[in-house]
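These are the residues of each chain, in order.
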Amino acid sequence: MLATTPAIAAGSLGAKPQPTLTADGDLILRPWRPADAPAFLGAYQDPAIKRWHTNRPDSLPDVLAWFTRYEQDWRQETGGHWAVTGPDDRVLGRLAMRGWNFADGNAGCAYWVRPEARGAAVAPRALTALTLWAFGVGFHRLELGHSTLNMPSCRVAEKSGYVLEGTQRSSAIHEDGRHDMHVHARIR
């Protein structure tokens, strides 16, 4: 039993449909759909996404299984996963909020952007929108991690108001070996 009141009441998110959010510049964050599977799989063929994301699908059935897990994460209140699209509904990127801790109001964020959408501030605009939504539903602290060598991710975090808190030495394994990881956080 918690000695304190949870930051977010159990059942307050998973009992409702996952929301569609909007971000500056006509970006839309919405739940993934089966029709998005080819764009999702194609993103993982990009060398930059492959470099920083070692957990990746190998086929369209893999992607559809991931989408099913994403729906389960929402219902079980362990995470939320959004496709980032433009007004034409074309997938530009991905945002995830995982490891939900309702007692403390904490979660972790992750993102990628398809190569053709880079340079248009898609990731910081989408991450800012997701952050504001999360704070509005009761989350208190959101954090993200990235390799210290991944400077684009560092810039996204900073542009989105996520303060660099430190470095976890030799914390993650990428295809080229162990990496030190930056930890950024934003607090409500």
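Everything here concerns the structure above.
Residues numbered from 1 in each chain as written. Predicted model: local features only at pLDDT ≥ 70, side-chain atom pairs only at ≥ 80, totals over all residues. Heavy atoms only, no water.

1. Side note on the overall build of the chain
At step 1: Each helix and strand in the chain was counted, giving 5 helices and 8 strands.
At step 2: In the chain, the succession of α and β elements from N to C terminus is β-β-α-α-α-β-β-β-α-β-α-β-β.
At step 3: In terms of its C-alpha atoms, the chain occupies a principal-axis envelope of roughly 45 × 40 × 30 Å.
At step 4: Every one of the 188 residues in the chain was classed for burial, and the buried ones make up 46%.
At step 5: Of the contacts formed within the chain by residues at least 6 apart in sequence, a portion of 61% connects residues at least 24 apart.
At step 6: Within the structure as shown, the chain displays about 9500 Å² of accessible surface, and the carbon and sulfur contribution to it stands at 53%. (Helix = DSSP H or I, 4+ residues; strand = E, 2+ residues; numbered from the N terminus. Buried < 20%, exposed > 50% of the residue type's maximum accessible area, 1.4 Å probe, protein only. Contact = heavy atoms within 4.5 Å. Areas by Shrake-Rupley, 256 points an atom, 1.4 Å probe, with all protein chains shown as cover.)

2. Focus on the nonpolar core
At step 1: Membership of the largest hydrophobic core comes to 34 residues, with the highest contact counts inside it found for Leu-29, Trp-82, Leu-95, Met-97, Trp-133, Phe-139 and Leu-142.
At step 2: Contributing elements (two or more residues each) for this core: strand S1 (21–23), strand S2 (27–31), strand S3 (79–85), strand S4 (91–101), strand S5 (106–113), helix H4 (122–136), strand S6 (141–147) and helix H5 (151–159).
At step 3: Of the residues forming this core, the biggest block, 9 residues, is contributed by H4.
At step 4: Beyond its immediate sequence surroundings of up to four residues, Leu-95 is in contact with Leu-29, Gly-80, His-81, Trp-82, Val-84, Ala-110, Tyr-111, Ala-126, Leu-127 and Leu-130. (Core = buried A, V, L, I, M, F, W, Y, C linked by side-chain atoms within 4.5 Å.)

3. Quick word on the packing of aromatic side chains
Two measures describe an aromatic ring pair: the distance that separates the ring centres and the angle between the ring planes.
At step 1: All told, the structure shown has 18 aromatic pairs when counted by the stated rule.
At step 2: Consider the rings of Trp-100 and Phe-139, whose centres lie 5.6 Å apart with planes at 65 degrees: the pair is edge-to-face. Residue Trp-100 is located in strand S4, and its partner Phe-139 is located in the loop between H4 and S6; the two are separated by 39 residues in the primary sequence.
At step 3: With a relative accessible area of 9%, Trp-100 lands in the buried category.
At step 4: Judged by its relative accessible area of 0%, Phe-139 falls in the buried class.
At step 5: An aromatic cluster of at least three residues, connected via ring pairs, comprises Trp-32, Phe-40, Tyr-44, Trp-66, Phe-67, Tyr-70 and Trp-112. (Phe/Tyr/Trp six-rings, centres within 6.5 Å; stacked < 30°, edge-to-face > 60°.)

4. Quick word on the pattern of salt bridges
Pairs may arise between side chains of opposite charge once their charged atoms sit close together.
At step 1: Counting across every chain of the model gives 11 salt bridges.
At step 2: Asp-89 is paired through a salt bridge with Arg-33; the nearest N and O atoms lie 2.8 Å apart. One end of the pair, Asp-89, is in the loop between S3 and S4; the other, Arg-33, is in the loop between S2 and helix H1 (37–43), and 56 residues separate them in sequence.
At step 3: With relative accessibility at 39%, the residue Arg-33 sits in the partly exposed group.
At step 4: Note that Arg-56 and Glu-175 form a salt bridge whose closest N and O atoms lie 2.2 Å from each other. Residue Arg-56 is found in the loop between helix H2 (47–52) and helix H3 (60–75), and its partner Glu-175 is found in the loop between strand S7 (163–174) and strand S8 (177–187); the two are separated by 119 residues along the sequence.
At step 5: Residues joined by salt bridges that share partners form a network here, namely Arg-30, Arg-33, Asp-36 and Asp-89. (Salt bridge = Lys/Arg side-chain N within 4 Å of Asp/Glu carboxyl O.)

5. Let's talk about the sheet that holds S1
At step 1: Pairing is mixed across the open sheet formed by 8 strands, whose spatial order is S1-S2-S3-S4-S5-S6-S8-S7. The open sheet has two edge strands, S1 and S7, and neither has a second partner. Adjacent strand axes in the sheet meet at a mean angle of 30 degrees when their direction is disregarded.
At step 2: By the bridge criterion, 4 bridges tie S2 to S3 in an arrangement that is antiparallel. For Arg-30, the partnering residue across the bridge sits in S3 and is Ala-83.
At step 3: Sheet strands touched by H3: S3 and S4. Its angle to S3, the strand with the most contacts, is close to 125 degrees.
At step 4: Contacting S1, S2, S3, S4, S5, S6 and S8, H4 runs over the sheet at an angle of about 35 degrees to S4. (Pairing = 2+ DSSP bridges. Axes fitted to C-alpha atoms, helices over the stretch in contact; angles between N-to-C directions.)

6. Some details on the side chain of Asn-150
At step 1: Along the chain, the position of Asn-150 falls in the loop between S6 and H5.
At step 2: A polar side-chain atom of Asn-150 sits 3.1 Å from the main-chain amide nitrogen of Ser-153. (Polar contact = N/O pair within 3.5 Å; in protein donor to acceptor, adjacent residues only side chain to side chain.)

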